[in-house]
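Notes for the structure review
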Amino acid sequence: MTSTSNQPLQIDDADVQFYRERGYLLYQHPLFPEEKFNKLKAFFEDLLASLPQDKRPEAMDVPHFAHPALFEWLLADEVLDFVELFLGPDIALWSSHFLCKPSGDGQRVPWHEDSAYWGTILSEPEVLTVWLAIDDSTVENGCMRVVSGTHHHGFSDYQPIDHPGEQVFDQEIVSDQVDQSKVVDLEVREGQCHIHHARMVHGSNANTSSKRRCGYTMRYMPATVKFLPEAGIKLFEDSGAGSPQHAIYLARGKDRAGNDYADPTQQFVAGIR
């Protein structure tokens, strides 16, 4: 299949079926042209350099709220052509996140499902995450790991973790619900990506290596999914001033759910949480 951009897509029907059956897919090809990817990496390096010393680099969530320049990549034909193969022509941008594990002390990401943290804020958990490798992501430096096929299951049970604050989350799926025989390490080179479903059980080990590991997660959903901020999830509650704490954007096609969409040319008032 080809894209509407100048960047050819190396995806066929078997890849789409693999994602539907397994809940993930490795795409070991460049997602963006080299110059465009390098521009994104340079943008990230500037953000990282400006990060306050008391803030962990794993926690650079929704940076596009404060930095609308990121829509150059989030709404680019290269990524939307790719996502359309899996979600269809009407696409909304749900979120994005730079998750950077520094060398030596990069935090572990406990086993979790993304959708478990979003609860009922969406009418259905049909979110696809494009995990774009800003750096090479390997077993050595804590690449993402998935439990194949778990997106077909219901929500798992969670328990508090030992040593909260030393890992990205303070809870994780109970160990006997993680089938280690189905764990797959998703290794990609910089500029490549992998995708996973919102209900997929996944996590990653700590980075104790000498090499940094950063990925940019770009999360999309069909525009048939309704965003329900009134569902009351604390993360997305209205502020005291009445300003919403989360925003979604129509990335391509038409709205099919009656959503309200933010303007990608404007900074969103909530900023980086």
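This text gives an overview of the structure that appears in the document. (Residues numbered from 1 in each chain as written. Predicted model: local features only at pLDDT ≥ 70, side-chain atom pairs only at ≥ 80, totals over all residues. Heavy atoms only, no water.)

For the rest of this paragraph, the subject is the overall build of the protein chain. Regarding its fold elements, the protein chain presents six helices and 13 strands. Here the protein chain has a C-alpha radius of gyration of 18 Å; the compact-globule value for 273 residues is 19 Å, and the two agree. With respect to the three principal axes, the spread of C-alpha positions in the protein chain is 45 × 45 × 40 Å. The buried share among the 273 residues of the protein chain stands at 50%. Taking contacts inside the protein chain between residues at least 6 apart in sequence as the whole, the part at least 24 apart equals 85%. Taken as a whole, the protein chain presents about 12300 Å² of accessible surface, with 47% of it coming from carbon and sulfur. The averaged location of the 41 negative side-chain charges in the protein chain is 1 Å from the averaged location of its 23 positive side-chain charges. (Helix = DSSP H or I, 4+ residues; strand = E, 2+ residues; numbered from the N terminus. Rg over C-alpha atoms; globule rule 2.2 N^0.38 Å. Buried < 20%, exposed > 50% of the residue type's maximum accessible area, 1.4 Å probe, protein only. Contact = heavy atoms within 4.5 Å. Areas by Shrake-Rupley, 256 points an atom, 1.4 Å probe, with all protein chains shown as cover. Lys, Arg positive; Asp, Glu negative; His and termini not counted. Charge placed at Lys NZ, Arg CZ, Asp CG, Glu CD.)

Turning our eyes to something else, we now look at the nonpolar core. The biggest cluster of nonpolar side chains holds 45 residues, and the ones touching the most others in it are Val79, Phe82, Phe98, Val130 and Tyr220. Take this core: its biggest share by element is six residues, from helix 5 (residues 77-87). Apart from residues lying up to four places away in sequence, Phe98 is in contact with Leu40, Phe44, Leu47, Pro57, Glu58, Met60, Pro63, Leu70, Ile134, Cys214, Gly215 and Tyr216. Judged by nonpolar contacts, the second largest core, of 11 residues, contains Ala92, Trp118, Leu122 and Ala198. (Core = buried A, V, L, I, M, F, W, Y, C linked by side-chain atoms within 4.5 Å.)

On to the sheet that holds strand 9 (residues 183-185), then. Strand order in the open sheet made by the four strands is 4-11-6-9, with antiparallel pairing throughout. Each end of this open sheet is capped by a strand with a single partner; those strands are strand 4 (109-112) and strand 9. The mean angle between the axes of side-by-side strands here comes to 25 degrees, regardless of whether they run parallel or antiparallel. Here strand 6 (residues 144-147) runs beside strand 11 (residues 202-204); their pairing, made up of three bridges, is antiparallel. Within strand 11, the residue paired with Met144 across the bridge is Ser204. (Pairing = 2+ DSSP bridges. Axes fitted to C-alpha atoms, helices over the stretch in contact; angles between N-to-C directions.)

Let's shift gears to the environment of Arg212. Following the sequence through the fold, Arg212 ends up in the loop between strand 11 and strand 12 (213-222). With a relative accessible area of 22%, Arg212 lands in the partly exposed category. Separated by 107 residues in sequence, Arg212 and Asp105 have C-alpha atoms that sit 9.6 Å apart. Engagement of the side chain of Arg212 in a polar contact is seen with the side chain of Glu45, the distance being 2.8 Å. Of the polar contacts made by the side chain of Arg212, one reaches the side chain of Asp135; its length is 2.8 Å. (Polar contact = N/O pair within 3.5 Å; in protein donor to acceptor, adjacent residues only side chain to side chain.)

What follows is about the state of the cysteines. The final tally for this structure, using the stated rule, is zero disulfides. The closest cysteine sulfur to the non-disulfide-bonded Cys100 is located on Cys214, 4.6 Å from its own sulfur. (Disulfide = S-S within 2.5 Å.)

Looking now at helix 5. Most of helix 5 is tucked away, with eight of its 11 residues classed as buried. Among the residues trailing helix 5, Gly88 stands out with phi positive, at a value near 95 degrees.

Per the counting criterion, the structure on display carries 13 aromatic pairs. With a centroid separation of 5.3 Å and 85 degrees between ring planes, the pair formed by Phe18 and Tyr24 is classed as edge-to-face. When the ring of Tyr19 is compared with that of Phe86, the centres are 5.3 Å apart and the planes differ by 75 degrees; the resulting orientation is edge-to-face. You can see Tyr19 sitting in helix 1 (residues 13-22) and its partner Phe86 sitting in helix 5, a full 67 residues away along the chain. Each member of the pair, Tyr19 as well as Phe86, is classed as buried. Feature note: the residues Tyr19, Tyr27, Phe82 and Phe86 constitute an aromatic cluster, connected by ring pairs. Here the basic side chain of Arg199 rests over the ring of Phe155, its NZ or CZ set 4.4 Å away from the ring centre. (Phe/Tyr/Trp six-rings, centres within 6.5 Å; stacked < 30°, edge-to-face > 60°. Lys NZ or Arg CZ within 6 Å of the ring centre and 35° of its normal.)

We now examine the environment of Cys193. Mapped onto the elements of the fold, Cys193 is located in strand 10 (residues 193-197). Taking relative accessible area as the criterion, Cys193 reaches 0% and is therefore assigned buried. The spacing of Cys193 and Asp162 is 31 residues in sequence and 31 Å in space, taken between C-alpha atoms. Once you skip the residues sitting within four places of it in the chain, Cys193 turns out to touch Leu26, Tyr27, His29, Leu31, Phe82, Val130, Trp131, Leu132 and Val188.

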